[in-house]
Structures are given as structure tokens and as C-alpha cells.
Amino acid sequence: MELGLAGATAVVQGGTQGMGRAAAECFAEDGARVAVLARTPRDLDETVERLRALGSPDAFALRADITVPEEVDAAFAAVTERWSELNILVNATGPTGIGGFEQLTDEQWKETLEVGAMGMIRCVRAALPLLRAAACARIVNVSAHSTKRQSESLTAYTAAKAVVTSVTKNLSLTLAPEEILVNTVSPGSFATPSLKAWARGAGIDPDDLYGIMAGIKEHFGHPAHVPRAGDAAEIGPVIAFLASRRNSYMTGANVNVDGGSDFT
């Protein structure tokens with residue numbers, strides 16, 4: 001199904017890897033013009049090259065640290081200069097914040113909330129004038145299923161994602177009169193670079209989705225009903241649908257993509 005994204009403009013914050021990269025590739029394949037926002041020049045260059053090959057000849061990189069307000073503002077100023085309007089904003093960067101409540105320092109809390117929550121807030125704030133200038137505008141924020149199934153080792157991470165979910169719901173309310181649709185996607189256990197790094201450390205083949213899920217069951221007690229981890233490419237189309245014209249009436253939703261892990 002075509003999503004009607006040909007010619008649409010999209011910024012994907014955290015678009016150089018994992019779920020953000022998967023969404024950016026879906027946009028490119030449907031003919032959207034895509035900008036990816038991230039910190040690492042090498043990753044940005046490689047991603048932009050890939051997006052152009054997939055069908056987004058106008059793809060370009062926005063190098064910015066989302067914990068620095070001035071860099072976020074400069075990135076969206078560059079978007080304004082290039083496009084003058086924005087149809088889609090996706091916020092996909094995930095924080096670290098691994099550790100139990102008593103182990104986490106103030107600095108770890110601050111870093112996790114800066115990356116996982118404030119980065120999204122800054123990007124939405126900077127993007128709003130561009131979104132308001134477009135005839136069709138969508139925001140999709142990536143949260144996490146851990147906001148519903150707590151884990152002792154993800155205290156700060158889950159807190160940051162809970163902020164994302166709450167702010168998204170509030171934005172869906174405040175922006176609804178302008179018909180800017182705002183939704184959350186809550187992924188379960190996906191084989192992103194961070195989860196693969198954990199798998200390696202646990203002695204699990206990072207490319208074995210079934211092995212990863214078995215490890216999650218053993219170490220965290222939170223398996224999905226589907227007996228494997230998700231591949232990042234499987235969530236890209238969900239984000240792309242929510243960001244597209246095909247989604248014409250869904251706002252304020254929190255869409256689980258978790259292999260059934262939210263059942264219990």
C-alpha cells in the first residue's frame with residue numbers, strides 16, 4: 001500500500017540506526033524527502049547515501065546533539081531554509097540509563113532524561129512552526145513497552161520514556177484543533193544496536209532473534225508471546241503509516257509493537 005508520502009518532507013531524529021533508520025528508509029522508499037538528525041558524521045553520511053539510493057534524492061543530514069538547545073534550533077533553521085515546511089517529525093533516539101534505582105547517580109539520571117525526553121521536547125518545539133506551515137503534519141514519538149512492564153534495571157530509561165508518552169498525549173490534545181496528528185509507538189524487544197550490544201555481553205549471538213528473546217526471558221523475565229525479538233525493519237512501516245496521509249484520524253494513540261509482550 002502506498003502511503004502517499006511522495007514529495008512529503010520528513011525529519012527523523014535518531015534516524016541513522018535502529019528504528020529511526022527503519023522509518024527513514026520507509027519514507028525514502030515511498031518517495032519522501034528525508035532529513036536525518038544525529039550526532040555522528042560518519043553515520044549520517046552513510047545513512048543519507050542509503051536514503052538517496054532508496055528513492056529520496058533530496059535526503060540530507062542534520063548534525064546536532066539533541067541535549068544542546070542551540071544545536072537543535074540550528075538544525076531546524078537549516079530545514080526551514082531548505083524546505084520552508086515540514087510534514088513529518090519522528091523522534092526515535094533512545095537513552096541509556098541502564099541500572100537499578102539505587103545504582104543510578106544524579107548525572108546518569110540527568111543524562112538519561114536529557115537524551116530520552118528533553119531531546120524530543122526540543123525537537124518538537126523547534127519543528128512546530130514548520131509543521132504548522134504544512135497542509136498535512138504528523139508527529140510520531142518512539143516510547144517503549146517498559147512503561148507498562150517495569151524492569152528493575154531500566155529505572156531511568158523507563159522514566160524518560162514515560163515522559164515521552166505523557167507529553168505526546170498532551171500534544172495530541174493541544175494540536176488537534178490544528179489537525180496536527182501526534183502519536184506514540186511503544187516497541188517491545190527489538191534487535192537495535194543497543195540490544196545487540198547487550199546480547200554480545202551476555203554471550204548471545206546478536207543476530208539470533210530467538211536467542212535474544214530467550215536471553216530476555218532468562219535475565220529480565222519479560223519474554224514476548226512471539227518467541228523472538230523484533231527486527232528494526234518491522235517497526236519502520238508502523239511509524240511510516242502513523243506519519244502518513246493514510247493516517248487521517250488517529251491521534252493520541254500509543255501503539256504497541258511488542259510481539260504480544262503487553263498481554264500480561
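Scroll up to find the structure.
Because the structure is a prediction, the values reported are computed rather than measured.

Asks: When you look at the sheet that holds strand β6 (residues 180-187) in this model, what are you seeing that I'm missing?
Replies: Read from one edge to the other, the open sheet built from seven strands follows the order β3-β2-β1-β4-β5-β6-β7, with strand pairing classed as parallel. On the outer flanks of this sheet lie β3 (60-63) and β7 (254-257), each paired with one strand and no other. The sheet shows a mean angle of 20° between the axes of neighbouring strands, direction not considered. In terms of strand pairing, strand β1 (residues 9-13) meets strand β4 (residues 88-91) through four bridges, oriented parallel. Looking at the pairing, valine 11 lines up with leucine 89 of β4. Packed onto the sheet, helix α2 (residues 41-54) meets β2 (33-38) and β3 and runs at close to 165° relative to β2. Most of the contacts of helix α4 (residues 106-132) go to β4, to which it runs at about 175°, and overall it touches β1, β4, β5 (137-142) and β6.

Asks: How do you make sense of the packing of α4 against helix α5 (residues 155-175) when you look at a structure like this?
Replies: When two helices pack together, their arrangement is captured by the angle between the axes and the distance separating the axes. Between α4 and α5, the least distance of the axes is 8 Å, while the angle of their chain directions is 20°. The angle between α4 and α5 places the two elements in the roughly parallel class. Note on packing geometry: the crossing formed by α4 with α5 is right-handed. For the pair formed by α4 and α5, the contact residues are Trp109, Thr112, Leu113, Gly116, Ala117, Met120, Ile121, Val124, Leu128 and Arg132 on the first element and Thr155, Ala156, Tyr157, Ala159, Ala160, Val163, Val164, Val167, Leu171 and Leu175 on the second. When the residues that make up the contact of α4 with α5 are grouped by side-chain class, the tally is 16 nonpolar, three polar and one charged.

Asks: Any chance you could explain the packing of aromatic side chains here in plain terms?
Replies: Each pair of aromatic rings is reported with the distance of its centres and the angle of its planes. Inspection of every chain in the model, using the stated rule, returns three aromatic pairs. The interplanar angle of 80° and the centroid separation of 5.2 Å between the aromatic rings of phenylalanine 60 and tryptophan 83 together place this pair among those described as edge-to-face. With phenylalanine 60 in strand β3 and tryptophan 83 in the loop between α3 (69-82) and β4, this pair connects stretches of sequence that are 23 residues apart. Directly above the ring of phenylalanine 60 sits arginine 82, whose terminal nitrogen or CZ lies 4.1 Å from the centroid.

Asks: Sorry, what's going on with the environment of threonine 16 here?
Replies: For threonine 16, the position within the fold is in the loop between β1 and α1 (18-29). Residue threonine 16 is classed as buried on the basis of its relative accessible area of 10%. Between the C-alpha atoms of threonine 16 and glycine 211, which are 195 residues apart in sequence, the distance is 25 Å.

Asks: What is the right way to look at the side chain of serine 146 in this model?
Replies: Topologically, serine 146 is positioned in the loop between β5 and α5. For serine 146, the contacting residues outside a window of four places in its chain are Leu154, Tyr157 and Thr158.

Asks: Explain the pattern of salt bridges here, please?
Replies: According to the stated counting rule, one finds nine salt bridges in the structure shown. The partner of aspartate 207 in a salt bridge is lysine 196, with the nearest N and O atoms 3.4 Å apart. Taken as a pair, aspartate 207 in the loop between α6 (193-201) and α7 (209-220) and lysine 196 in helix α6 lie far apart in primary sequence, 11 residues in all. Take aspartate 207: its relative accessible area is 58%, and that puts it in the exposed class. Classification of lysine 196 as partly exposed rests on a relative accessible area of 23%. Among the charged side chains, a salt-bridge network with shared partners connects Arg21, Glu25, Glu46 and Arg50.

Asks: Honestly, unusual backbone geometry in this entry has me stumped. Any pointers?
Replies: Note: most peptide bonds trans; most residues except glycine with negative phi. Even without glycine at this site, serine 84 takes up a positive phi of about 75°. Among the secondary structure elements, serine 84 is positioned in the loop between α3 and β4. The phi angle at glutamate 179 is positive, at roughly 60°, despite the residue not being glycine. As for its placement among the helices and strands, glutamate 179 is situated in the loop between α5 and β6.

Asks: How should I be thinking about the layout of surface pockets in this particular structure?
Replies: Here the idea is plain: a probe the size of a water molecule rolls over the atoms and shows the empty space left. Of the volumes computed, that of the largest pocket is approximately 1400 Å³. Among the secondary structure elements, those contributing two or more residues to the lining of the largest pocket are α1, β2, α4, α5, α6 and α7. Here the residues of the lining of the largest pocket are counted per class, giving 20 nonpolar, 21 polar and seven charged. Of the volumes computed, that of the second largest pocket is approximately 230 Å³. Surrounding the second largest pocket, 13 residues form its lining, Gly18, Ala22, Asp231, Ala232 and Ala233 being those nearest its centre. Among the secondary structure elements, those contributing two or more residues to the lining of the second largest pocket are α1 and α6. Top element by residues in the lining of the second largest pocket is α1. It accounts for six residues.

Conventions we followed
Residues numbered from 1 in each chain as written. Predicted model: local features only at pLDDT ≥ 70, side-chain atom pairs only at ≥ 80, totals over all residues. Heavy atoms only, no water. Pairing = 2+ DSSP bridges. Helix = DSSP H or I, 4+ residues; strand = E, 2+ residues; numbered from the N terminus. Axes fitted to C-alpha atoms, helices over the stretch in contact; angles between N-to-C directions. Contact = heavy atoms within 4.5 Å. Parallel < 35°, antiparallel > 145°, perpendicular 65-115°, else oblique. Left-handed = near helix turned anticlockwise from the far one by under 90°. Nonpolar A, V, L, I, M, F, W, Y, C, P; charged D, E, K, R; others polar. Phe/Tyr/Trp six-rings, centres within 6.5 Å; stacked < 30°, edge-to-face > 60°. Lys NZ or Arg CZ within 6 Å of the ring centre and 35° of its normal. Buried < 20%, exposed > 50% of the residue type's maximum accessible area, 1.4 Å probe, protein only. Salt bridge = Lys/Arg side-chain N within 4 Å of Asp/Glu carboxyl O. 1 Å grid on protein atoms, 1.4 Å probe; cavity = no way out; pocket = protein on both sides within 12 Å on 5 of 7 lines; lining within 4 Å. Points joined across faces, edges and corners; volume = space filled by probe spheres on them.

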